[in-house]
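# Structural description and commentary
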Amino acid sequence: DITPAEVTLFADAFCSEIEKNGYESMIYYNEYYGYMLYDLSKLSEYGMWYVEYDELPDFYYAFDMWQYTESGSIPGIDGTVDINLYFKK
């Protein structure tokens, strides 16, 4: 029962605390969260990590990392893994 404004404030507070401790933070979201729950304009100082399991992402706004599968495979790792592309600025 929290509002999109509260979700955005919580994400901002969390990322701010992470960065105060010397780490890079990112907002992780799918299409629903990106359009309906986060006010991404208020989180623009953080990296954006978008998840969509499709051939090409079709999210309207820019993002820094794209998680395109949860069923990837890496030699030496048992089971499936998430695979992401990071677009360095």
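Structural notes, computed from the coordinates. (Residues numbered from 1 in each chain as written. Predicted model: local features only at pLDDT ≥ 70, side-chain atom pairs only at ≥ 80, totals over all residues. Heavy atoms only, no water.)

## Topic: the sheet that holds strand β2 (residues 47–51)
The test is simple: Strand pairing is defined by DSSP finding a minimum of two bridges between the two strands. Labels follow the DSSP assignment, with helices taken as runs of H or I lasting at least four residues and strands as runs of E lasting at least two, numbered in each case from the N terminus. Lines are fitted to the C-alpha atoms to define the axes, a helix being fitted only along its stretch in contact, and any angle between axes, read from their N-to-C directions, falls within 0 to 180 degrees.
Taken together, the 4 strands give an open sheet; going across it, the order is β1-β2-β3-β4, and neighbouring strands pair in mixed fashion. Strands at the two margins of the open sheet, each flanked by one partner only, are β1 (26–29) and β4 (81–86). Mean inter-strand twist for the sheet, computed between neighbouring axes without regard to direction, equals 25°. Where β2 meets strand β3 (residues 65–72), 3 bridges bridge the pair, whose relative direction is parallel. Following the sheet pairing, Tyr-50 is matched in β3 by Trp-66.

## Thoughts on the pairing of β1
Rules: Partly exposed residues are those whose accessible area sits between 20% and 50% of the maximum for their type, while under 20% is buried and over 50% is exposed, using a 1.4 Å probe and protein chains only. When the strands point away from the viewer and the connection leading from the first strand across the helix to the second strand turns clockwise, the crossover is called right-handed.
Across the two faces of β1 the burial differs, with Ile-27 and Tyr-29 buried and Met-26 and Tyr-28 not buried at all. Two elements, β1 and β2, share 4 bridges in a ladder whose sense is parallel. Across the sheet, residue Met-26 finds its bridge partner in β2, namely Gly-47. What joins β1 to β2 is helix α2 (residues 31–37), and the crossover it makes is right-handed.

## Remarks on the packing of aromatic side chains
Test applied: Put simply, two rings from Phe, Tyr or Trp (the six-membered ring, in Trp's case) pair if the centres are within 6.5 Å, and we call them stacked under 30 degrees between planes, edge-to-face over 60, tilted for the rest.
Under the definition given, this model contains 13 aromatic pairs. Plain terms: the ring middles of Tyr-50 and Phe-63 are 5.1 Å apart, the flat faces sit at 40° to each other, and that makes the pair tilted. Here Phe-63 lies in the loop between β2 and β3 and Tyr-50 lies in strand β2, a separation of 13 residues in the sequence. Take Tyr-50: its relative accessible area is 1%, and that puts it in the buried class. By relative accessible area, which is 17% here, Phe-63 ends up buried. Here the aromatic cluster, defined as three or more aromatic residues joined through ring pairs, consists of Tyr-29, Tyr-35, Tyr-50, Phe-59, Tyr-60, Tyr-61, Phe-63 and Phe-87.

## A few points about a negative patch on the surface
Convention followed: To count toward a patch, a residue needs a relative accessible area over 30% and no salt bridge; like charges are then connected within 9 Å, while nonpolar side chains (Val, Leu, Ile, Met, Phe, Trp, Tyr) are connected within 5 Å. Accessible areas in this description were obtained via Shrake-Rupley with a 1.4 Å probe; residue shielding takes into account the shown protein chains only. In what follows, salt bridge is the name for a side-chain nitrogen of Lys or Arg lying within 4 Å of a carboxyl oxygen of Asp or Glu. Charge counting treats Lys and Arg as positive and Asp and Glu as negative, with His and both chain ends excluded. To locate a charge, take atom NZ for lysine, CZ for arginine, CG for aspartate or CD for glutamate.
A grouping of Glu-31, Asp-54, Glu-55 and Asp-58 is seen on the molecular surface, where their side chains present a negatively charged patch. Inspection of the secondary structure puts Glu-31 in helix α2. We classify Glu-31 as partly exposed; its relative accessible area is 38%.

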